[in-house]
Amino acid sequence: MAIVAPTQAATEQIERRVFGTSVQGRPLEAFRLGDPKGITVVVIGVIHGNEDAGLLITDQLLEMDVPRGINLWVVPTMNPDGTALNQRGNANSVDLNRNFPYNWAKMGKPGYWQYAGKRRASEPETKAVVAFMREIKPALGIWYHQDLNIISPGVGLEGTMRSAYSRLTGIPIKRITGGRYTGVAATWQRNTIKNGMAFVVELGKTLNSDQAKVHSSAVLNISMLLRDALSSKLGQ
């Protein structure tokens, strides 16, 4: 695939949707750009409220020209309360990335930094994202975190896209080890949305606007990679 630099001329937004509300009543917003008949890609800038560098990337995406054949949904944050409070969890102190209904398990108690909630999908933010994803059925989801500065390796077409994102941004491919990862959003998406793929981009501790432009361009480039791969498969 030839690497291109998508233009900064903004694609007109097709839709702004409030698909839910947070514990404290803040809106969960999604912005749709590009080709409504194209492959669906969703980008989530923030899930842990104190890991908000992804907002710079989602801001850039909202100002870019989305290539043809791509139906792009941008969700700046699915944890607006945590973003406002600058804390990992939501307003109930639940780690939303341990609260999704696939492979959920009890973890900790209120106050524990990875508290998984009272039950699977107990939080309004989780419920809203689950319903939203089931409706739009994305072929690919990209979830931003901090601050390990790595992307886990993958297999097949998803592995190809992870490697391409790594090459385009300089974030190394390296397996995340040593933790207990239950109720994870990207894992839920990958195992629940039919024919869907998803991966996590662990950004570094900081991100500036120039770096955010590199990442937003990488999002569009791997979206084109996916578009072309799926088109080729359908043409066989």
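Reading guide: rules and limits
Residues numbered from 1 in each chain as written. Predicted model: local features only at pLDDT ≥ 70, side-chain atom pairs only at ≥ 80, totals over all residues. Heavy atoms only, no water. Helix = DSSP H or I, 4+ residues; strand = E, 2+ residues; numbered from the N terminus. Buried < 20%, exposed > 50% of the residue type's maximum accessible area, 1.4 Å probe, protein only. Contact = heavy atoms within 4.5 Å. Expected span 1.5 Å × (residues − 1). Pairing = 2+ DSSP bridges. Axes fitted to C-alpha atoms, helices over the stretch in contact; angles between N-to-C directions. Salt bridge = Lys/Arg side-chain N within 4 Å of Asp/Glu carboxyl O.

### What to know about the environment of Met 133
Among the secondary structure elements, Met 133 is positioned in helix α3 (residues 124–136). Here Met 133 falls in the buried class, since its relative accessible area comes to 1%. Expressed as a C-alpha distance, the spacing of Met 133 and Met 107, which sit 26 residues apart in the sequence, is 25 Å. Residues contacting Met 133, with those up to four places away along its chain left out, are Val 42, Ile 44, Pro 138, Trp 143, Trp 188, Gln 189 and Ile 193.

### What about α3?
With 13 residues, α3 extends 18 Å from end C-alpha to end C-alpha; this agrees with the ideal 18 Å at 1.5 Å per step. Burial in α3 covers these residues: Glu 125, Thr 126, Ala 128, Val 129, Val 130, Phe 132, Met 133 and Ile 136. At the exit of α3 stands Lys 137, carrying a positive phi of roughly 50°.

### Notes on the sheet that holds strand β5 (residues 140–146)
The mixed open sheet is built from 6 strands, whose spatial order is β1-β2-β4-β3-β5-β6. Pairing within the sheet leaves two strands with one partner each, and these edge strands are β1 (15–21) and β6 (197–203). The average angle at which neighbouring strand axes cross in this sheet is 20°, direction not considered. Pairing between strand β3 (residues 39–44) and strand β4 (residues 70–75): 6 bridges, direction parallel. Directly across from Val 43, in β4, lies its bridge partner Val 74.

### Description of the pattern of salt bridges
By the definition in use, this model includes 10 salt bridges. Between Glu 135 and Arg 17 there is a salt bridge, with its nearest N and O atoms 2.9 Å apart. Residue Glu 135 is found in helix α3, and its partner Arg 17 is found in strand β1; the two are separated by 118 residues along the sequence. The buried category is assigned to Arg 17, whose relative accessible area is 19%. The salt bridge involving Arg 26 is made with Asp 81; its shortest N-O contact spans 2.8 Å. Taken together, the positions of Arg 26 in the loop between β1 and β2 (27–34) and Asp 81 in helix α2 (residues 80–85) put the pair 55 residues apart, joining distant regions of the chain. Relative accessible area serves as the criterion here: at 31%, Arg 26 is assigned to the partly exposed category.

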